[in-house]
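# Overview (structure and organization)
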Amino acid sequence: MTSASRSVIETDRLTKEYERIRALDAISLQVPEGSIFGFLGPNGAGKTTTIRVLMGFIQATSGRASVFGHDCWSDGVAARSRIGYLVTADALYPDLSGGDQLEYAAAISGAAPVWRDRLLDALELGRDMLGRRLGAYSKGMRQKLALVAATQHAPELLIFDEPTDGLDPLIQRNFEELLREFRAEGTTIFMSSHDLGEVERLCDQLAVVRAGKLIASGSMASLKRQFSQRVEITFANTIPIGIEHVAGASMTERNGSRVTLHLDRDINPLLHFLACHEVERMVIRPPELQEVFLGYYEQGEAMADGAPLR
Amino acid sequence: MMTAMVRRLLRRGMAGTVMLLMGVMVFQFANPFIADSFGGEEGLQRMVELLPPGLRSLAELSPEFIALTGLAGYLSLAYDHPVYLVLVMSAIVGFTGRSIAGEVDRGTLALTMARPIPRTNVYLARLVGLVILIVLFAVSGPIATWLGLVIAKPSGDVGISQLATLGALCGLLAWSVGGLTLMVSAASNTTGRVVGWATGFLVVSFFVDYFAELWSVLEPIRPLSIFWYFDTTATIVDGAVPVKSMLVLGGSGVIGVVIGWRIFERRDLGI
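Residue numbers restart at each chain and count upward from 1, following the sequence in its written direction. Throughout, the order in which chains and ligands are written sets their labels, letters from A for the former and numbers from 1 for the latter. Under the rules for a predicted model, residues below a pLDDT of 70 receive no local features and side-chain atom pairs below 80 are neither given nor counted, while totals for whole chains, interfaces and linings still include all residues.

## So, the overall build of chain A
Where helices and strands are cited, they refer to DSSP runs of H or I of at least four residues and of E of at least two residues respectively, numbered from the N terminus. Helix and strand content of chain A: ten helices and 14 strands. Each principal axis of the C-alpha distribution contributes one length, and for chain A these read about 70 × 45 × 40 Å. Restricting the contact set of chain A to residue pairs at least 6 apart, pairs at least 24 apart contribute 68%. Throughout, a pair of residues is in contact if the C-beta atoms placed from their backbones lie within 7 Å.

Next comes the structure, spelled out in structure tokens:
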């Protein structure tokens, strides 16, 4: 296996059952090294359970999960030595100052906090604030502190659950930029988020879970390709007859000489049709992540049956 | 890593622990002054003889208690007094409840568990913290009593070694309760659950031992109470911890710690 295709996280038919509930159902994932991997799903889909298994907090009922080749349960210490994990902001010690919190995190990491200053600058967390107790921090400030504590020791893999929750848009942008820098330096990032815009801006790989099952996984581009594109065409004259019968196209709107179509996969039949007509303007818009996400949710069963998605 | 974890555990809730420790010291410091105010051994003996028989039974005192045990016997009563026990047990149960179940409840355990630290070490840090706390409480009472004796100078003889032995017995009781509650904490997700179980266990144990003295029907089950093995008077008078106390209190603590460790090693942590 080459370093370019090496998987940092691998799960193989990972299953977790709680008495009568199956929280994870045979999830198989590969997270490539150096990628920013988005892990999507609604509440209760199994995202947090998957992350808990990866962190060795809980033991899988069956299947396997490994990080850098180390089994997450039986060899969890070796796995965690290369992970930076974001705890929820509420899980910080309320009786400690921000600075003490970071010192404690560094002390138990066994690694120097080489990225601390860089993170504090990017997140605009003032050094003067570090002397104050957590009680004086706003929700956003606590989230910044949790991010610094998780990342300051320059881990090779970052595991984030809602990393920018509570951050203002400006800081969120700075943080995204910083994550891209980390990725460029070889860090792999595995993040779950409900902010689809953030995931779309950051992630190059994606997995979608629903009710404990993996329903889609792959590169952002390949997943988007499975969904129809929206094509807006303005004709010089009237809308030509027969456009609604073009293979793979379905009309969703018509207004004067303008028509909106949803196009499944191949654009060539449409281009052949348009070659005989005078087109004033044509806009092809790829599906947004939100459409992809909702599409998987609304038609996830259809996807399993191999039917086209819209 | 271990030092950082232990320091963190002890620092959390330190204000409450210091208050309880001061409470123990004040309570035990005052006792020699009370003995002196009664007129030392002779005065205490007269006071015990004057007590109505019913009240003596409640206090588990025979008419010749002071004559037989002297000032040491009187001082030992303050170590199985409910006030002293509540102060010590609050600190021990509070610490064990906070250190695992409480951290699961708040989610703060994730900070530690996300690092490359074996679960055994995480548990060991809690155990080290517990032992430090037990030692602090075990020595604070006898030190305060000794200071009180030095200053108040009541009539009667009590040696430092007798007080040290009493401290050892108190430490064994705290170890037993601490080990058992650490086990419950290792299996629980909330401090409240640990405190509930520990309080129930201690209250039942205390009253079984107490009422067995008054009601012979309960006598056969008295050995099931940990307080049956907490004989402060015999310990201070003899200057040695009874073997059965060492075995039962020490052993139950060890069993609790070992079972708790096995549970913590294997359990799912919802953090």
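## Structural notes on the overall build of chain B
A count of helices and strands for chain B gives twelve helices and zero strands. Order of helices (α) and strands (β) in chain B, N terminus to C terminus: α-α-α-α-α-α-α-α-α-α-α-α. We compute the radius of gyration over the C-alpha atoms and compare it with the globule rule, which gives 2.2 Å times the number of residues raised to the power 0.38. A globule of 271 residues ought to have a C-alpha radius of gyration of about 18 Å, and chain B, at 20 Å, matches this closely. Overall, chain B is about 65 × 45 × 30 Å in size when its C-alpha atoms are taken along their principal axes. Partly exposed residues are those falling between the two cut-offs: more than 12 but fewer than 20 other C-beta atoms within 10 Å of their own, whereas 20 or more means buried and 12 or fewer means exposed, with C-beta atoms placed from the backbone. Per-residue burial for chain B yields a buried fraction of 48% across its 271 residues. Sequence-distant contacts in chain B: of pairs separated by 6 or more residues, those separated by 24 or more amount to 80%.

## Section: the pairing of strand β8 (residues 188-192) of chain A
Residue and element names in this part refer to chain A. Within β8, five of the five residues are buried, which leaves it mostly tucked inside the rest of the structure. Along β8, one buried face is formed by Thr188, Phe190 and Ser192 and the opposite face, lined by Ile189 and Met191, is buried too. Pairing of strand β3 (residues 36-40) with β8, which is carried by four bridges, proceeds in the parallel orientation. Bridging across to β8, Ile36 finds its partner in Ile189. In the sheet, strand β7 (residues 157-161) pairs with β8 via five bridges, with the strands oriented parallel. Looking across to β8, one finds that Leu157 is bridged to Thr188. At least two DSSP bridges between two strands are needed for those strands to be called paired.

## Side note on the packing of helix α2 (residues 14-37) of chain B against helix α6 (residues 82-106) of chain B
In a packed pair of helices, the relevant descriptors are the angle between the two axes and the axis-to-axis distance. Residues and elements named next belong to chain B. Packing of α2 against α6 brings their axes to within 9 Å, and their N-to-C directions diverge by 160 degrees. Considering the angle they form, α2 stands roughly antiparallel to α6. Here α2 and α6 pass one another in a crossing that is left-handed. Seen from α2, the contacting residues are Gly16, Thr17, Leu20, Gly23, Val24 and Phe27; seen from α6, they are Val83, Tyr84, Leu87, Val88, Ser90, Ala91 and Gly94. Note that Gly is not counted as nonpolar here; it falls among the polar residues with everything else outside the nonpolar set of Ala, Val, Leu, Ile, Met, Phe, Trp, Tyr, Cys and Pro and the charged set of Asp, Glu, Lys and Arg. Looking at the contact of α2 with α6 residue by residue, the classes come out as eight nonpolar, five polar and no charged. To get an axis, fit a line to the C-alpha atoms, keeping to the stretch in contact for a helix; angles then go from 0 to 180 degrees between the N-to-C directions. Here the angle decides the label: under 35 degrees means roughly parallel, over 145 means roughly antiparallel, 65 to 115 means roughly perpendicular, and every other value means oblique. The handedness criterion is simple: a crossing whose near helix is rotated anticlockwise from the far helix by less than a right angle is left-handed, and one whose near helix is rotated clockwise is right-handed.

## Section: the nonpolar core
Any nonpolar core is a set of buried residues, restricted to Ala, Val, Leu, Ile, Met, Phe, Trp, Tyr and Cys, that join up through C-beta atoms within 7 Å. Ile159(A), Ile92(B) and Ala174(B) are the most contacted members of the largest nonpolar core, which has 145 residues in total. With 14 residues, the single largest contributor to this core is helix α9 (residues 160-187) of chain B. Those residues in contact with Ile92(B) that lie beyond four places of it in its chain are Leu133(B), Ile134(B), Ala174(B), Val177(B), Gly178(B) and Thr181(B).

## A short note on the sheet that holds strand β13 (residues 258-263) of chain A
Residues and elements named next belong to chain A. Read across the sheet, four strands follow the order β12-β13-β11-β14 without closing on themselves; strand pairing throughout is antiparallel. The open sheet has two edge strands with one neighbour each: β12 (249-255) and β14 (279-285). Between one strand axis and the next, the sheet turns through 20 degrees on average, direction left out of account. The pairing of strand β11 (residues 229-235) with β13 spans six bridges and is classified as antiparallel. The partner of Arg230 across the bridge, within β13, is His262.

## Remarks on the interface of chain B and chain A
With 20 residues of chain B at the interface, the matching set in chain A holds 20 residues. Elements with a contribution of two residues or more to the side of chain B that touches chain A: α1 (2-11) and α7 (109-113) of chain B. Counting residues per element, the side of chain B that touches chain A draws most heavily on α7(B), at four residues. Grouping the constituent residues of the side of chain B that touches chain A by class yields twelve nonpolar, three polar and five charged.

Any functional reading would require information beyond the geometric quantities listed.
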